[in-house]
Every structure is written in C-alpha cells, then in structure tokens.
Amino acid sequence: MYDVHAVQEKWLPVWDEIAPFRSGRPDDTRPRKYVLDMFPYPSGDLHMGHAEAYAMGDVIARYWALKGFNVMHPIGWDSFGLPAENAAIKNNVDPALWTDENIAQQKASMRRYACSFDWDRVLQTSDPAYYRWNQWLFVQMFERGLAYRKDSAVNWCPTCQTVLANEQVVAGRCERCDSVVTKRKLTQWYLKITDYADRLLDDMAQLEGKWPEKVLLMQRNWIGRSTGAEVTFAIDGRAEPVTVYTTRPDTLFGATFFVVAADSALAAELAAGTPSEGEFTAYVERIKADSDIDRLATDRPKTGVFLNRHAINPVNGALIPIYAADYVLADYGTGAIMAVPAHDQRDFEFAKVFDLPVVTVVEPPADWEGEAYAGDGPAVNSDFLNGLRKAEAIDAMIAWLEERGLGKGAVNYRLRDWLISRQRYWGTPIPIIHCPSCGEVPVPADQLPVTLPPAEGLDLKPKGTSPLGGAADWVNVDCPRCGQAAKRDTDTMDTFVDSSWYFLRYLDPNKTDGPFDVEQAREWMPIDQYVGGVTHAILHLLYSRFFVKVLNDMGMVDFNEPFTRLLNQGMVVMNGSAMSKSRGNLVRLTDELAENGVDSVRLTMVFAGPPEDDIDWADVSPSGAKKFLARAWRLSGDVTSAPGVDVTTGDLSLRQAVARTVDDAAKAVESYRFNVTVAKTMELVNITRKAIDSGVGPSDPAVREAAEAVAKMLSLVAPYTAEEMWERLGHTPTVALSGWPEVDPALLVQESVVCVVQVAGKVRDRLDVSPDISETELRELALASPAVTAALAGASIRTVIVRPPSLVNIVPGS
RNA sequence: GCCCCGAUAGCCCAACCGGCAGAGGCAAUGGUCUCAAACACCAUCCAGUGUGGGUUCGAAUCCCACUCGGGGCACCA
C-alpha cells in the first residue's frame, strides 16, 4: 500500500541534505537557465492559487534540470505593503514581526510542497539590505531626471486616507475598503516612465510569440500611442495662443467649438473675469465631488459651461466658442481640444446639449447611418483638402500647418508617469531630504539605507499623511549639502518599485556594494522563463521592463527585456467563481494536502487543463490523482530485472511505446501543454501495466526502461512518488537529477503506418503501408482495394488526392 | 460602447501544416478477485465539435455573421 504521507516525511530531509537545486556552483559547467516564479506576498500561509502557480513553474524548472541545465529557480517575498500594515494596526503588532512570521510559514509550506527552489538565493523586500538598493536606484533616477515631484490630481481613498495606485481602484472603489474613490490635488513623486513609452512599445517585437498575445495587447493598449497633430489656436483677447492635440487634423474645417478641461489651470484663467466665472466655479465644485463611479456611468449626458470666450480656427479664421467641460481630460494631450461634432461622437453629444453647429467635412458613404462619422471618405467643405481621402488629408493638413507655423505632427500616449509616493509606513522610505535652501537633496549613497524608524510609538492609522511624519527624531536631519536643519521626505515607495528589479537581486542576494552583480547578470539574464498570474499583465511587467531599460541606459545590463518567455497560469476557482470566505466556497490548501498529499494536489493542478486556464476545483479529482500515483508506484515494485540491465535487449514494441510517450511528453512540456505531459505519462503507465500483467512480463528489460521513464516523467509533477519509485527501482537519489529519458530516434520510426482510403470523403479502407511510400505506389495500392471498387460501384473517378503515407481520397465523377 | 479569448461525450480535457473526432482522466455500467466489501485488475458505454452560411476533394481546425461564456479598456480627442 502506498502511504503518501510517510513518503513525504521520508524524502524531505534527504533532499535538504542533497540540495539538488542549488544553482551556479563555480565548477558547474552545465548550460544555464533562469526560471522564475513571481514572488508571493506574505499574507498568511500559501493558498490554492500559490499551489497552482508553483506546480506549473516547477514543471518547467524540473524539466530543464532533468535535461541537464544548471537551472536557477529562486524565490523570495514581496514583503512590503498594506496587508502587513493593516494587520499591524488591527492587532497592534509590528508589521515586521507579522511579515517575518508569515514568511517563515510560507517557506516551510513551500519546502513541503517540494518546490525546486534554490534555498541559497532568498530575499525579502522589507529587508534594509534589499530596500537600500531601491533607494539607490531612486537616487540614480533622480539624478537622471527620471524621478521628479509634481502637483497633480490623484486617486484618494477617504476611508484609508491615502493615495491609491490606479491598480488599487477597482470600478471606482477602493479595492481594500470598497469606499468610493475621489480625486485630490497632491504633490507626489513620479518616475518618468513616459520617456520610455516608445521603447516599451517597440521592444515588444522581441516578445512576439514568446509572451501571451493577450498580455502584449494589453500593454500596447495601456501605452496607447496615438499619432496626429498639434494645432495652435489663437484666443480672442489673450496674448498666448492655445495648442490642442488631435488625431484628425483633416477635420479642422469642421471644428465648430473648443473645449478645455474644466479642472485645468487654463480653464480657470479663461473663466476669470468673465460673466461665466460664477457658473464655472460652481461647475468645477460639482465635478470635483463626482467620483469615478459617476465617470464610469455609460451614456452619461455631457455637461459644461460656456466661458464667454472665443478661439480662432486657424484654417478659416472663424470665431468659435470656448467651453469648459469634464469630458476633456486635463492630463492628456494639452488638456484642450478642438471639437468636431460631425466626426466625433463625444463632440456630437456635447453639441446636441448646447445646440452648437455641426459641419460635415468628410463625406460618409451613402448608406451610412449614425451621428458622428469617424470613417474614411473624401473631404468636403474643406477648401484645399476637398476630395482627399482621410490619410492624404491628414498629411496635407499637417504640411499646411507646418508651413505656416500653426502646428505640427505629434504623438501622444495614454501612459502616464508612475506615481510612487505612498502615505504609508510599511514601505521603502523615499531617500530625499527637503532643505529650505538646497531644495530636494538626495541622501548620499554612503548614508543609505534610510531605514524605517521603529513602528513602536508611531501611529500607523491612516490619517492622510505618512506615519513617518510622527517620528520627529527620524524626520529632522541636517541637509547633507549645506548642513542646515532639514527634513526627510516622509512618504514611502509604491511596492511595485520593489518588484521591478528583484529578479536581478537573486543573482547575488547578499551583495553589499551594489544592487546586483553585473557580471552574473551577463551570465544569467534575461530570464528564460517567467511564470505568474495574468493580474500582473500590465503594471508589474511594464514597470520591470521600464527599470531594465533604465538600467540598460545606465550601462548596468546589456539587454533590453527582462523576461524572454512568459507563462500566465490561471486561477483556482470553486463552482465557477473566485474562492472567498464570504461566498463560502473557500478550499483550504492545507486540507487538500492533508487529505490527498502534496503529489496528488500538484498532479491535479497540472493535469486539470492547459496552464493558462482557470481550474474549477469542483471539476477535478485529487482522489483520482492519488489513485493514479499509487498505480504508477506499483509498477516500480513489479520490475524484476536488475538496475543497469541492457534495455536495448528489451521488447521492441514496448520500447517504441516508451520512446513515443517520452518524446510526446517532452514536446508537450516545451509547448506548455503540461496536462498533455501528464496524459502521456498515464498512457505509459497503462502500457507498462499491461506489459507486466499480460504481455512480455515483469522481467523484460523494456519494462524496467518503461518504469524508469515513468519515474522521471512523474518527477516533474509528483516528486515524492517519483523519488520513491526511483529508489524501489534500485537507484539512489535523486531522480530529479537523473536525466530526462533518452530516446533513440530509431525507435520513433514506425515500420508501417495505417493509411486511410476515402471515397468521396468517407473512409472505405485502411492499408498498412511503409511510411515513405511514394505517391504513385500509394495511389495504385488504393485503387486496387476491393473496398474502393465496391464503394465506387462502377462510377468514374474524377480526381484522386494522395497524401502519402496517411491518406488517399478518391473523388468519383458526378 | 470598443477590443481580445473561448465553446469538442454527463463532466474536465486531447487532436502537429485543414486529412480516421479520442490521447488521458472523472462519473456511470458490467465482470474478475473476495465469505462479503473496499482496493486492484479487465471490459463496456457515450459526442460528430455552440448556431447559420461560405471556401475546399476534404473543416473541430480557414473566412463571414450570430448566440452564449470569460477577460481587458472605458469620455485618451
């Protein structure tokens, strides 16, 4: 009887002793592979989601290790962040303590889960030895003009009393407390990711076919490059003209009004002193109270205020009214637009509300029905553009504007700079000192890290400003430049900064004279395989790509993209929906492990379907997995030949089956079809069982070859069972490094294949033919078949399609 | 509203370039073993690929339209 729990207890200490997955020993000559799982957040013990992710990553890491690679497969903890801080407030404990306890628990669970991690390369981002280098990198960016402070409207949670990152705002609400998020004007630190917009977009060409298409698409949309033109409009009664951005300069003759973002400085300036000022001020107040929820409402009517001012359309000199409205965004383009209601739906809706003229300047097709026509067509009512199609008209207009100095071709991005300030305690302090004379002064490198002041004695409760402000001894310092009294910046960094370069730190996690080892980076990077959830499709992956490009510019790395291949595993759900306590459909990993054992859970995860798909735990069968493992294990006890027996003397057809299933399994791993790998392993188990019971018998050397292949294949998903089999087969640990089963290519060649003969697409006969039969030979053979003659029933033959060696289709005349 | 992905047996899933729809599993049924059962082993059962059209000698696979499900973005001018 196969006792899963006893086997687990047996092998854990053995593996600790051997440390089979220690990577990068100096004398190791194997070729390198860097396989990385996204590091976890230490919020409690591992759950089903971790179990799936690490099972998938392990298949890849263990496969390459078996294939003879020096695989680096490290793990660490993304250990700064709100959950620790909130738990600290709730339970009145130090977030550091809470974090370290959870890390210890997760680490123990990972070890038991038999992840092939290199335990000599662990890190945690809340360690000053780690975040010191966040600070160092921040200062580097500051000195290169890539980190800067600006005053801007940011997401604000009135309950948590902090700014929120875009990703923490879900459908207009705070993901943590569900409060409706508002906007607040604050001076915050930003990283200038927009400087890299083009490279972030263009370098994606390298990732094509290696990252999920979906992720590439999401990144492209997020960056949102658009091309068009900037056009300068003179403003009646204002010395300075105003520039707008448009993707449709060809429709300039149809611009019948002008809109500025109501919350922009320009709107306030234009409204000042006009009869509209009162109305404008009231409007701005009103929209400030509007939340993202309101903005998300579909077919929300357009609102705005006429400012009693006019702009001059540069192409025809027409005076057009200026409105302030909230449908124009202050932080995209120039915060002002020319409105062309005939060809932009939003402008059309606004024109309808305010009864503004609509001038068609692109002829829609005769059968077109709708309000604003955005498609292609000949220009009309447009003077020198008349008759030109859209693309030509855009070029012509840009040329016309450039000649007169009224505008130019321009590019815009949806991507905004990355706001990294957080008014929270449990994060990396921003290493800046504010000096009344010198301004923003970076903390000198030799004074890093700026460590967090002890949590004890600080009020961590959210109150709108950073808790660090309460640590007077910590805040008050001398300016490193001029020596006079100055204050530290009290905000901490977004934890996405921590995760933007951690993969480089693994190369030498204890390095003290730099963030990472530049030489090691040359050897190991970029990462061959990154594995993680699709929830990070945009932010984490985009930020990491950005950091690597900055590091490339700094000359610290010689590559542009950190993650060569990316696999997004799905989620584990229960009865069709995400697991949650409130829904009452939570499946506890510890329960599953206790019930069925580690191997069964891992096998269930991997076998459930393609790795990218969600697993519905209600649809799968861990107990079935357990049965299969016992069935595989039994094989190892049935083999009676000695280890090392010459397998080439074994039964040929069994050896062919082994070769075929091993080969199929390898191909399946390399194309991420891990469920198919498991299916092929099961197939081989069935074949071997049959060979032992009713075939060549347990003593045939091919049976040993088959059982050993099963152990190796199984080691990708079920390391305990595989190790136990390996031992019962007479070997010493560890199967994980025993090498992928060798396949003699000669065994993959079949001496005969079944050729299907169809008449009018219907199968009428099957022929055993040589795999390299010629087309003419096969045609004759097929035509000679009595079944074919019968099916034709005397009808004439129109064509014969011959696809040697697998198919012949005879098409009769009609 | 726009964009992307998916739909194959009762269920989860396979099927390389278009070429016999079935590799694997769950469930079910029957049998062997057993005093009986569990386990194990053996065997059987089951769909013509969401719907409608098209291309082709031939379509799960390619094209068009639609239905359902999932996801992303959401006033980005």
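If you're wondering where the values come from, they're calculated on a predicted model, not measured in any experiment. (Residues numbered from 1 in each chain as written. Chains lettered and ligands numbered in written order. Predicted model: local features only at pLDDT ≥ 70, side-chain atom pairs only at ≥ 80, totals over all residues. Heavy atoms only, no water.)

Structural notes on the pattern of salt bridges
Definition in use: We count a salt bridge whenever a side-chain nitrogen from Lys or Arg sits within 4 Å of a carboxyl oxygen from Asp or Glu. A run of H or I in DSSP counts as a helix once it spans at least four residues, and a run of E counts as a strand once it spans at least two, with each numbered from the N terminus. Per-residue accessibility, obtained with a 1.4 Å probe over protein chains only, is compared with the maximum for each type, and a residue is labelled buried under 20%, exposed over 50%, and partly exposed between these values.
Inspection of every chain in the model, using the stated rule, returns 41 salt bridges. When the shortest N-O distance is used, the salt bridge between Glu9 and Arg112 registers 2.9 Å. In this pair, Glu9 sits in helix α1 (residues 4-18) while Arg112 sits in helix α4 (residues 95-112), placing the two residues 103 residues apart along the sequence. Since its relative accessible area comes to 32%, Arg112 is described here as partly exposed. Lys680 is the partner of Asp664 in a salt bridge, and the nearest nitrogen-oxygen pair spans 3.7 Å. With Asp664 in helix α21 (residues 652-670) and Lys680 in helix α22 (residues 674-694), the pair connects residues that are 16 residues apart, well separated along the chain. Asp664 gets classed as partly exposed once you look at its relative accessible area, which sits at 25%. A single network of salt bridges, built from pairs that share partners, joins Asp203, Arg545, Lys549 and Glu561.

Let's talk about the sheet that holds strand β26 (residues 572-574)
Our working rule: Between any two strands, at least two bridges found by DSSP are needed for them to pair.
Strand order in the open sheet made by the three strands is β27-β26-β28, with mixed pairing throughout. The sheet terminates laterally at β27 (577-578) and β28 (615-616), the two strands that pair on one side only. Bridge analysis of β26 against β28 gives two bridges, and the strand direction is parallel. When the sheet's bridge partners are listed, Val572 is paired in β28 with Ile615.

A few points about the environment of Arg414
Short version of the rule: Here, residues are in contact when the closest pair of their heavy atoms is within 4.5 Å.
Mapped onto the fold, Arg414 is located in the loop between β16 (407-412) and β17 (418-419). Remark: the alpha-carbon pair of Arg414 and Tyr283, spanning 131 residues in sequence, is separated by 26 Å. For Arg414, the residues in contact, after removing those within four places along its chain, are Asn221, Trp222, Ile223, Gly224 and Tyr332.

Re helix α18 (residues 589-596)
Here is the rule: Of all possible arcs, the one meant is that of the directions from the helix axis to the C-beta atoms.
Among all positions of α18, only Leu589, Glu592, Leu593 and Asn596 are buried. Down the axis of α18, the buried side of the element spans an arc of 100 degrees, and every buried residue falls inside it. Structural note: α18 exposes Ala594 and Glu595 on the side pointing more than 90 degrees away from its buried face. Elements that come into contact with the buried residues of α18 comprise α1, α2 (48-66), α19 (598-607) and α20 (622-638). Count one or two residues on from α18 and you reach Gly597, which has phi positive near 90 degrees.

Quick notes on the pairing of strand β1 (residues 32-37)
Keep this limit in mind: Look down the strands so they point away from you; if going from the first strand over the helix to the second traces a clockwise path, that crossover is right-handed.
Counting buried positions along β1 gives five out of six residues, so the element sits mostly inside the fold. Following the backbone out of β1, through α2 and into the adjacent parallel strand β2 (residues 70-72), one traces a crossover that is right-handed. Where β1 and strand β24 (residues 529-533) come together, three bridges link them in parallel fashion. Paired with Val35 across the strands is Gln529, a residue of β24.

Concerning a negative patch on the surface
Stated formally: Here the term patch refers to residues with relative accessible area over 30% and no salt bridge, with like charges joined within 9 Å and nonpolar side chains (Val, Leu, Ile, Met, Phe, Trp, Tyr) within 5 Å. The accessible surface values rely on the Shrake-Rupley method and a 1.4 Å probe; as for residues, cover is taken only from the protein chains in view. Charged residues are defined narrowly, with Lys and Arg counted positive, Asp and Glu counted negative, and His plus the chain ends left uncounted. We put the charge of a Lys on NZ, of an Arg on CZ, of an Asp on CG and of a Glu on CD.
Judged by side-chain charge, Asp94, Asp100, Glu101, Asp127 and Glu456 come together as a negatively charged surface patch. If you trace the backbone, Asp94 turns up in the loop between α3 (82-91) and α4.

Concerning the sheet that holds strand β6 (residues 162-163)
To be explicit about the condition: A fitted line through C-alpha atoms represents every axis, and for helices the fit uses only the stretch in contact; the resulting angles, taken between N-to-C directions, go from 0 to 180 degrees.
Taken in spatial order, the four strands make up an open sheet running β6-β5-β9-β17, and their pairing is antiparallel. The open sheet terminates on both sides in strands that have one partner only, identified here as β6 and β17. Bridge count for strand β5 (residues 147-157) against strand β9 (residues 182-191) is 10 bridges, and the pairing is antiparallel. Opposite Arg149, over in β9, you have Trp189 as the bridge partner. Taken strand by strand, helix α5 (residues 128-143) contacts β5 and β9, and its axis lies near 90 degrees from that of β9.

Overview of the packing of aromatic side chains
Applied cut-off: Ring pairs are drawn from Phe, Tyr and Trp, using the six-membered ring of Trp, whenever the two centres fall within 6.5 Å, and their geometry is named by plane angle: stacked under 30 degrees, edge-to-face over 60, tilted for the rest.
Enumeration over the complete set of coordinates arrives at 38 aromatic pairs. Ring geometry for Tyr63 versus Trp740: centroids 5.2 Å apart, planes at 75 degrees, classification edge-to-face. Of the two residues, Tyr63 is situated in helix α2 and Trp740 in the loop between α24 (719-728) and α25 (745-748); the sequence distance between them amounts to 677 residues. Accessibility expressed as a relative area gives 0% for Tyr63, which makes it buried. We classify Trp740 as buried; its relative accessible area is 9%. With 5.8 Å between their ring centres and 65 degrees between their planes, Trp133 and Trp136 make a pair best called edge-to-face. Separated by three residues within a single helix, Trp133 and Trp136 lie in helix α5, roughly one turn from each other. Assessed through its relative accessible area of 4%, Trp133 is described here as buried.

Side note on the protein's contact with RNA strand B
The cut-off we apply is this: Throughout, near means a residue has at least one heavy atom within 4 Å of the molecule or strand. Under the rule applied, a polar contact is a pair of N or O atoms within 3.5 Å (in protein, one hydrogen donor and one hydrogen acceptor; residues adjacent in sequence only if both atoms are side-chain atoms).
As a matter of local geometry, RNA strand B sits amid 45 residues, with Thr247, Arg300, Arg346, Arg631 and Arg766 nearest to it. For RNA strand B, the fraction of atoms within 4 Å of the protein that belong to sugar or phosphate moieties is 60%. For RNA strand B, a sugar or linking oxygen lies 3.0 Å from a polar atom in the side chain of Arg634. Of all the secondary structure elements, the ones that give two or more residues to the surface near RNA strand B are α7 (213-223), β11 (238-246), α20, α22, β29 (753-759), β30 (762-769), β31 (797-803) and β32 (807-812). For the surface near RNA strand B, the element with the highest residue contribution is α22, accounting for seven residues.

Observations regarding the nonpolar core
Selection criterion: Nine residue types can take part in a nonpolar core, namely buried Ala, Val, Leu, Ile, Met, Phe, Trp, Tyr and Cys, and a core is a set of them joined through side-chain atoms within 4.5 Å.
Of all hydrophobic cores here, the largest spans 92 residues; its most connected members are Tyr34, Trp418, Phe503, Leu504 and Phe546. For this core, the element with the most residues is helix α17 (residues 539-553), which contributes nine residues. Beyond its immediate sequence surroundings of up to four residues, Phe503 is in contact with Tyr34, Leu36, Met525, Ile527, Ser544, Val548, Pro562 and Phe563.

A look at the pairing of strand β12 (residues 257-261)
Among the five residues that make up β12, five are buried, leaving the element largely enclosed by the rest of the structure. Both faces of β12 are covered, namely the face carrying Phe257, Val259 and Ala261 and the face carrying Phe258 and Val260. By the bridge criterion, four bridges tie β12 to strand β15 (residues 336-339) in an arrangement that is antiparallel. Residue pairing for β15: Phe257 is matched across the bridge by Ala339. As defined by bridge partners, β12 adjoins strand β14 (residues 319-325) across four bridges and the pair is classed as parallel. Paired with Val260 across the two strands is Ala324, which belongs to β14.

With respect to the state of the cysteines
Convention followed: The criterion for a disulfide is a pair of cysteine sulfur atoms lying within 2.5 Å.
With the rule as written, the count across this model stands at zero disulfides. Cysteine Cys482 remains unbridged, with the sulfur of Cys435 as its closest cysteine sulfur at 3.6 Å.

Digging into helix α11 (residues 345-354)
Taken as a whole, α11 has its buried residues at Asp347, Phe348, Phe350 and Ala351. Seen end-on, α11 carries its buried residues on one side only, within an arc spanning 165 degrees. Each element contacted by the buried residues of α11 is listed here: β12, β13 (304-312), β14 and β15. Two residues or fewer after α11 comes Asp355, characterised by a positive phi angle close to 55 degrees.

A short note on the side chain of Asn675
Mapped onto the fold, Asn675 is located in helix α22. In this view, Asn675 contacts Val606, Phe607, Gly609 and Pro610; residues no more than four positions away in its chain are not counted.

Things to note about the packing of α19 against α24
Keep this limit in mind: Any angle that is under 35 degrees is reported as roughly parallel, and any over 145 degrees as roughly antiparallel; angles of 65 to 115 degrees are reported as roughly perpendicular and all others as oblique. For this scheme, ten residues count as nonpolar: Ala, Val, Leu, Ile, Met, Phe, Trp, Tyr, Cys and Pro. Four count as charged, namely Asp, Glu, Lys and Arg, and the remainder, Gly too, count as polar.
Contact geometry of α19 with α24 gives a least axis separation of 7 Å together with a crossing angle of 120 degrees. What the angle tells us is that α19 and α24 run oblique. Mapping the contact onto sequence places Val598, Asp599 and Arg602 in α19 and Pro719, Tyr720 and Thr721 in α24. Classifying every residue of the contact of α19 with α24 gives three nonpolar, one polar and two charged.

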